[in-house]
Amino acid sequence: MKHTFLLLLFSLFFSCKNNSIDQQKETEPVLGLITQKAMVVSARKEASAIGAAIMKKGGNAFDAMVATEMALAVAYPFAGSLGGGGFMVYRKADGETGALDYREKAPLAAYKDMYLDENGDPIPEKSQVGALAIGVPGTIAGIFAVHKRFGTLPIEEILSPVVDLANRGFAVTEKQRKRFENYKELFFEVNKDTILFAKNYKAGDTIKNIKLAATLKRIIKNGKEEFYTGETGKKLVEHIQSNGGIITLEDLSKYEAKWREPVRFNYKNLSVISMSPPSSGGVCLAQIMKMIEPYEISKYGHNQLKTIQVITEAERRAYADRSFYLGDPDFTKIPIDTLIGMPYLTDRMSDFNFEKATPSSEINCGMIPGYESDETTHYSIVDQFGNAISVTITLNGAYGSKLYAPEIGTFLNNEMDDFSAKPGVPNMFGLIGAQANAIAPEKRMLSSMTPTIVEKNDTFWMSVGTPGGSTIITSVLQTILNVEEFGMTMQEAVNAPRFHHQWLPDVVVFEPESFDPVLLDSLSQKGYKIDEETSKIIGKVDGILVLPNGTLEGGADKRGDDTAVGF
């Protein structure tokens, strides 16, 4: 009896304690940086500070985009680079929306079976490491396209602080030190020599990139042409070809960034604007959100059993469609209106029930292994004029192909791995594809990047995005839902534990030690395969939310060195 009484007392104590924590959370929300006028949230404080400073001196969000992107190329070589590419979604103060595609392209000499052996099987290292993995870079074309259409400050005024940063150097963080250490041997192997980032750095050490500063000075002087036809372009091609690559000066000279119509759809009282193909992000995000819309997930509760089931099943179906229908729209006819239409999506979810998981083998064929990655980066910007942008950029893998161009001061991408080397065979992120994403000269490879802007009541409400390979789409999804359905602040939404399903492999990946074991066991009993080991990080979300009083709240992901700066 006494033992029972003590147990009851013990449980009451913890119940009261938990209730007090819940009440405290309700009265004391975790808020990110709050500013009155403008903000940049990115993977590095140096980049956020430079972007914010550009706006403070009168520049707009598009000027800040150019500065932030190039500052990330200096301080965040893990994913920021002159040798990569990306996507931007924007909303101007007058409500105009649009998207820019500066995704890398396959070289003219590329061909469908270039990464297959004599037996027709993929040779993964050929598309993932070294010069043959490099797609034609789009970053410089992208920033100049943005500046030409929307910029207000001279390019020299925008990029001079970045040149100063490269000359002055940036401080190595502990997380960055670990990444440099992890890839040091591979850097040496690919480059056949040591490089700037392969030294024995300690946290707090300063890295100066004098060669990159000189490259940026030439770009300030000569514009986009410096990178694509000038001295820098010639040095780049020479270095790539001397290491076995196939990119030519003609490839560089033919590269153009493309303005595209974003994917736009409604979710309850939200209007979501996200990236269109060759990104799969907007289409998949639309499919998932529209499939879950009929379900009352706010009543089910955040990260509770029914909520996880509904989201997982919608993700499963969207990623299956991604694999077969999506690719470069200039090469492939994509039935977007059908894919994001309610008749199709209602039918897609018609075989779902809460009693048991729908095996991916019943959605489509095959059981294919894969893994996740966070080797991209995202930044969100809102200016004092009411313009907002959401930008995701990448080298694909960590430090891209690992090939470093020392005379230019930058890593080069390994985006060719994002094509389907062979239909039905996974890339480095475990994603598979079909003919729609097969390699072809000048074709842009499919991406998961999901830069997104959300309107509420016809006004700008949120800018959000994340790195994370195949987990990008699901991380953006959960962040939006965390705010809209579960009443979180931007910082709470970004910090909250995440999970991910991508059709194949048929497992639900959870952030380790973030979910109740009882909950995971309940999912297992319903037939869901649980994985807490594969991915330690699912996305590093950076977002900006407009609060009811008109101020801005920044959410900078605690999983990285991400930082919000504004005024």
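Along every chain, residues carry numbers that run from 1 in the direction the sequence is written. Local features in this predicted model are restricted to residues whose pLDDT is 70 or higher, and side-chain atom pairs enter the listing and the counts only when it is 80 or higher, whereas totals over whole chains, interfaces and linings include all residues. Think of the side-chain values as coming from all heavy atoms in the structure, minus any hydrogens and water.

Basically, it comes down to this: UniProt positions are given in the numbering used here, feature names are shortened, and annotations may be inferred rather than shown by experiment.
Named according to an unreviewed UniProt entry, the protein is Glutathione hydrolase proenzyme originating from Aquimarina algiphila. In its Sequence similarities (unreviewed entry) section, the UniProt entry covering the protein states "Belongs to the gamma-glutamyltransferase family." Here the protein is described in UniProt, under the heading Pathway (unreviewed entry), as follows: "Sulfur metabolism; glutathione metabolism."

### Concerning the overall build of the protein
Keep this limit in mind: Only DSSP runs of H or I with at least four residues qualify as helices, and only runs of E with at least two residues qualify as strands; both kinds are numbered from the N terminus onward. Only C-alpha atoms enter the radius of gyration, while the globule expectation follows 2.2 Å times N to the 0.38, with N the number of residues. Three exposure classes are used, based on accessible area relative to the maximum for each residue type with a 1.4 Å probe and protein chains only: buried under 20%, partly exposed in between, and exposed over 50%. Contacts are assigned to residue pairs with any non-hydrogen atoms lying within 4.5 Å of each other. Only the protein chains shown count as cover for residues, and the accessible areas themselves come from Shrake-Rupley with a 1.4 Å probe.
Of the regular secondary structure elements, the protein holds 20 helices and 21 strands. Relative to the 2.2 N^0.38 estimate, which gives 24 Å for 567 residues, the radius of gyration of the protein is 23 Å and therefore close to what a compact globule would have. Taken along the three principal axes of its C-alpha coordinates, the protein extends 85 × 60 × 50 Å. For the protein, with 567 residues in total, the buried portion stands at 62%. Of the contacts formed within the protein by residues at least 6 apart in sequence, a portion of 73% connects residues at least 24 apart. A total of about 21300 Å² of accessible surface is found on the protein, and carbon and sulfur atoms cover 53% of it.

### Some remarks on the sheet that holds strand β7 (residues 258-260)
To be explicit about the condition: Pairing between strands is defined by DSSP: at least two bridges between the two strands are required. What counts as an axis is a line fitted to C-alpha atoms, over the stretch in contact for a helix, and the angles between N-to-C directions run from 0 to 180 degrees.
Spatial strand order, β7-β4-β3-β11-β10-β2-β21: seven strands in an open sheet with antiparallel pairing. A single partner strand is all that each edge strand has here, and the edge strands are β7 and β21 (563-566). Going across the sheet, the axis of each strand differs from the next one's by a mean of 15°, ignoring polarity. When strand β4 (residues 97-102) meets β7, the two strands line up antiparallel, connected through three bridges.

### What to know about the nonpolar core
As a reminder, the rule being used: Only buried residues count toward a nonpolar core. Its members are Ala, Val, Leu, Ile, Met, Phe, Trp, Tyr and Cys residues joined through side-chain atoms within 4.5 Å.
Core analysis: the biggest nonpolar cluster contains 86 residues, and Met-65, Met-88, Tyr-102, Ile-140, Phe-197, Ile-381 and Ile-389 have the highest contact counts within it. At 12 residues, the largest contribution of residues to this core is made by helix α3 (residues 61-75). Counting 80 residues, the second largest nonpolar core, distinct from the first, contains Ala-388, Met-462, Leu-477 and Leu-504.

### Let's talk about the environment of Ala-110
The topology assignment puts Ala-110 in the loop between β4 and α4 (124-128). For Ala-110, a relative accessible area of 4% gives the class buried. Note: C-alpha distance between Ala-110 and Met-39 (71 residues apart in sequence) is 41 Å. In contact with Ala-110, not counting residues within four places along its chain, are Ile-246, Met-416, Ile-439 and Pro-441.

### With respect to the packing of helix α12 (residues 281-292) against helix α14 (residues 305-325)
To keep things clear, this is the line we draw: Handedness of each helix crossing follows the sense of rotation of the near helix against the far helix: counterclockwise by less than a right angle gives left-handed, clockwise gives right-handed. The residue classification treats Ala, Val, Leu, Ile, Met, Phe, Trp, Tyr, Cys and Pro as nonpolar and Asp, Glu, Lys and Arg as charged. All others, Gly included, are polar.
At their nearest, the axes of α12 and α14 sit 9 Å apart, and the two run at 145° to each other. In the packing of α12 onto α14, the handedness of the crossing is right-handed. For the pair formed by α12 and α14, the contact residues are Cys-284, Gln-287, Ile-288, Met-291 and Ile-292 on the first element and Val-310, Ile-311, Ala-314, Glu-315, Arg-317, Ala-318, Asp-321 and Arg-322 on the second. Considered class by class, the residues forming the contact of α12 with α14 number eight nonpolar, one polar and four charged.

### So, the UniProt feature "active site" (unreviewed entry) in the protein
UniProt records the feature "active site" (unreviewed entry) at Thr-376, using the numbering of this structure. Its place among the elements puts Thr-376 in strand β10 (residues 376-382). Residue class for Thr-376 comes out buried when judged on its relative accessible area of 4%. Beyond its immediate chain neighbours, meaning those up to four positions away, Thr-376 contacts Tyr-76, Ala-79, Thr-392, Ile-393, Thr-394, Met-449, Pro-467, Gly-468, Gly-469 and Ile-472.

### Describing the sheet that holds strand β19 (residues 542-546)
On the basis of which strands lie adjacent, the open sheet formed by seven strands has the order β1-β20-β19-β15-β14-β9-β8 and antiparallel pairing. Of all strands in the sheet, those bounded by a partner on one side alone are β1 (34-35) and β8 (263-267). Here β1 runs beside strand β20 (residues 552-556); their pairing, made up of two bridges, is antiparallel. Bridge pairing in β20 links Ile-34 to Glu-553. Its contacts with the sheet place α12 against β8, β9 (270-274) and β14 (452-456), and it is angled at close to 15° to β8. Of the strands in this sheet, β8, β9, β14, β15 (459-465) and β19 are in contact with helix α18 (residues 472-484), which crosses β15 at around 140°.

### Focus: the pattern of salt bridges
Going by this rule: In the sections that follow, a salt bridge refers to a side-chain nitrogen of Lys or Arg positioned within 4 Å of a carboxyl oxygen of Asp or Glu.
This model, assessed by the stated rule, comprises 33 salt bridges. A salt bridge links Asp-330 to Arg-260, with the nearest nitrogen and oxygen atoms 3.0 Å apart. On the criterion of sequence distance, the pair formed by Asp-330 in the loop between α14 and α15 (336-339) and Arg-260 in strand β7 is long-range, its members being 70 residues apart. Here Arg-260 falls in the buried class, since its relative accessible area comes to 13%.

### Some points on helix α8 (residues 210-222)
What counts here: Helix span, as expected, comes to 1.5 Å for every residue beyond the first.
The end-to-end C-alpha distance of α8 is 19 Å, a good match for the 18 Å that 13 residues give at a rise of 1.5 Å each. All of the buried residues along α8 are Leu-212, Ala-213, Thr-215, Leu-216, Arg-218, Ile-219 and Ile-220. Taken together, the buried residues of α8 touch α3, α5 (139-150), α6 (155-168), α9 (224-228) and α10 (231-242). A positive backbone phi angle near 75° is found at Gly-223, which sits one or two residues after α8.

### Remarks on the packing of aromatic side chains
This is how the line gets drawn: In summary, the pairing rule links any two rings of Phe, Tyr or Trp, Trp by its six-membered ring, whose centres are within 6.5 Å, and it sorts them by plane angle into stacked for under 30 degrees, edge-to-face for over 60 and tilted for everything else.
Under the defined criterion, the tally for this structure stands at 28 aromatic pairs. Taking 5.2 Å as the distance between ring centres and 50° as the angle between the ring planes, the aromatic pair formed by Tyr-399 and Phe-411 counts as tilted. Taken together, the residues span a long stretch of sequence, with Tyr-399 in the loop between β11 (388-394) and β12 (404-405) and Phe-411 in strand β13 (residues 410-411) at a distance of 12 residues. One exposure class covers both Tyr-399 and Phe-411, and it is buried. Relative to Phe-411, the ring of Tyr-404 lies with its centre 5.0 Å away and its plane at 65°, an arrangement referred to as edge-to-face. No difference in accessibility class separates Tyr-404 from Phe-411, as the two residues are buried. Feature note: the residues Tyr-76, Phe-78, Phe-180, Tyr-183, Phe-187, Phe-197, Tyr-201, Tyr-399, Tyr-404 and Phe-411 constitute an aromatic cluster, connected by ring pairs.

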